[in-house]
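Understanding the architecture of this molecule
Okay, here's what each chain looks like letter by letter:
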Number of protein chains: 2
Amino acid sequence: MTSTLGYALLNLIACESQTGYDLSRTLQERISFFWQAKHSQIYPELARLESAGYITHEVVRQSDKPDKKIYTITDAGLAALRAWVVAPLKMQPARDELLVKTAAIWQADPAAAAALFRDHERQHAEQLAVYEGIRATMEEKWQGSERRRDQPWFGSYLTLMRGIGYEREYRDWCRWAAEMIEA
Amino acid sequence: MTSTLGYALLNLIACESQTGYDLSRTLQERISFFWQAKHSQIYPELARLESAGYITHEVVRQSDKPDKKIYTITDAGLAALRAWVVAPLKMQPARDELLVKTAAIWQADPAAAAALFRDHERQHAEQLAVYEGIRATMEEKWQGSERRRDQPWFGSYLTLMRGIGYEREYRDWCRWAAEMIEA
DNA sequence: ATTCCATATGTCATGATATACATACGTAAA
DNA sequence: TTTACGTATGTATATCATGACATATGGAAT
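Quantities reported herein were computed from a predicted structural model and do not represent experimental measurements. (Residues numbered from 1 in each chain as written. Chains lettered and ligands numbered in written order. Predicted model: local features only at pLDDT ≥ 70, side-chain atom pairs only at ≥ 80, totals over all residues. Heavy atoms only, no water.)

1. A short note on the overall build of chain A
- When helices and strands are tallied, chain A shows seven helices and two strands.
- Going from N to C terminus, chain A has its helices and strands arranged as α-α-α-β-β-α-α-α-α.
- Its C-alpha atoms give chain A a radius of gyration of 20 Å, clearly above 16 Å, the size a compact globule of 183 residues would have.
- Its C-alpha atoms give chain A principal-axis dimensions of about 60 × 45 × 40 Å.
- Classification of the 183 residues of chain A by burial places 48% in the buried group.
- Long-range pairs, those at least 24 residues apart, make up 59% of the contacts in chain A between residues at least 6 apart in sequence.
- Only carbon and sulfur atoms are counted for the fraction: they give 50% of the accessible area of chain A, which is about 9,300 Å².
- Each charge sign in chain A was given a centre, from 23 positive and 25 negative side chains, and these centres are 3 Å apart. (Helix = DSSP H or I, 4+ residues; strand = E, 2+ residues; numbered from the N terminus. Rg over C-alpha atoms; globule rule 2.2 N^0.38 Å. Buried < 20%, exposed > 50% of the residue type's maximum accessible area, 1.4 Å probe, protein only. Contact = heavy atoms within 4.5 Å. Areas by Shrake-Rupley, 256 points an atom, 1.4 Å probe, with all protein chains shown as cover. Lys, Arg positive; Asp, Glu negative; His and termini not counted. Charge placed at Lys NZ, Arg CZ, Asp CG, Glu CD.)

Pasting the structure below:
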């Protein structure tokens, strides 16, 4: 019944109690590679999670800013999250519009096609640089500290490394594709 | 107005006139890595493409099988396809449920978590083997023949190589993640 | 005879997602 | 003083995508 987004939110709330607004920023900017959502999807999902008994909220009144709702995970929510995390999952086919264009590239002007791939090579190189920066910060923070797999950052590190591998491969492929067209 | 799926279909029809049923099989099984669709999405999309003047159809009566509609691309359809192919496109953020589970892996039992990644390592290795097989067939076919970038298979080859790179990187990452958990 | 399968085309209900609309507070800049 | 911005929470609409439902043909298997 609970969607993938629901579990993504549940995990973030399990890491730290927070508001829908906080979750919204996290799922648009931060280490939420591989899943995104707008606030218009998050607020209704939080309502569903709460009616399912997975989270509760308390209203915090603020003087300088509008009131906010801080959500906290319940025992039932934690149990649901733990069951879902290790539940088998089929390989999810990827969806990528650039690859659809690539399939139709025989119809394109070669110069324009090469430019398209050069542009994406740059975009993925930039994203890779962002991820590498986060990686450096993370590994610096861990100097001398014990690295445990039952801490929230463990999953973040794994996903970050997947992001790095993904962007590096994508960048290299874009470069190769551009070279194939230019040749 | 036309969706990504619409252009994907337009390209397949530009390669070869065919029926909705043929397109359906292509978009579920064949070299349509990175985009998929069920027939329930394809038939309405074909109707939209036809009402937009991008394709036409002729009914072919068959004695042993039900009648079929063979779709052919129009000049307007080809023009629309050519304009779309090289139109700039922003990097599309990926969506992958396994990575959402990975982010929440600190909540998982280590043995079950490792099994999850080992399972996906196997799945991606299998898909990689399928792609490598197609690659071998493709390259064998080209022995001695001229390779031109204005032929339909050129795009297929580029997407295939992206598929290979994607699956290889994913497999390696799954293995690494499993090792990180087992350590 | 009945069932099952591949071919062939469609609709419908549901859920997921994106964009735009909508309101409200307080501060800072123009 | 009006405008814009960041915070904060929601709704409404349209589109995209999946799974189920629906029908029909002819051949092959049970």
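2. A closer look at the relation of the copies chain A and chain B
- It takes a turn of 180 degrees to lay chain A on chain B, together with a shift of 0.0 Å along the axis; the resulting RMSD is 0.1 Å. These values place the two chain copies in the arrangement generated by a two-fold rotation axis.
- Mapped onto chain B, 100% of the interface residues of chain A are again interface residues, and the two copies thus contact each other with one and the same surface. (Least-squares fit on C-alpha atoms with pLDDT ≥ 70 in both.)

3. Considerations on the pattern of salt bridges
Residue and element names in this part refer to chain B.
- Tallying each qualifying case throughout the model produces 28 salt bridges over all chains.
- Among the ionic pairs, R48 bridges to E45, the shortest N-O distance being 2.9 Å. With a gap of three residues between them, R48 and E45 both fall in helix α3 (residues 39–51), about one helical turn apart.
- Judged by relative accessible area, R48 falls into the partly exposed class, the value being 46%.
- Exposure remark for E45: the relative accessible area of 6% places this residue in the buried category. (Salt bridge = Lys/Arg side-chain N within 4 Å of Asp/Glu carboxyl O.)

4. Digging into the protein's contact with DNA strand C
- Within the structure, DNA strand C sits among 22 residues, and A:S40, A:Q41, B:H39, B:S40 and B:K69 are positioned closest to it.
- For DNA strand C, the backbone makes up 62% of the atoms found within 4 Å of the protein, where backbone means sugar plus phosphate.
- Here a base oxygen of DNA strand C and a side-chain polar atom of A:S40 are 2.8 Å apart.
- B:Y21 is positioned such that a nitrogen or oxygen atom in its backbone is 3.0 Å from a phosphate oxygen of DNA strand C.
- Of all the elements in the fold, those that place two or more residues in the surface near DNA strand C are α3 (39–51) of chain A together with α2 (20–26), α3 and β2 (68–73) of chain B.
- In terms of residue class, the surface near DNA strand C is built from five nonpolar, nine polar and eight charged. (Near = heavy atom within 4 Å. Polar contact = N/O pair within 3.5 Å; in protein donor to acceptor, adjacent residues only side chain to side chain. Nonpolar A, V, L, I, M, F, W, Y, C, P; charged D, E, K, R; others polar.)

5. Observations regarding the protein's contact with DNA strand D
- Looking at DNA strand D, there are 22 residues lining it, with A:H39, A:K69, B:S40, B:Q41 and B:D64 nearest.
- Of all atoms in DNA strand D that approach within 4 Å of the protein, 61% are sugar or phosphate atoms.
- Within the side chain of A:Y43, one N or O atom sits 3.1 Å away from a phosphate oxygen of DNA strand D.
- Separating a phosphate oxygen of DNA strand D from a side-chain N or O atom of A:K69 is a distance of 2.6 Å.
- Contributions of two or more residues to the surface near DNA strand D are made by α2 (20–26), α3 and β2 (68–73) of chain A together with α3 of chain B.
- Broken down by class, the residue content of the surface near DNA strand D amounts to five nonpolar, nine polar and eight charged.

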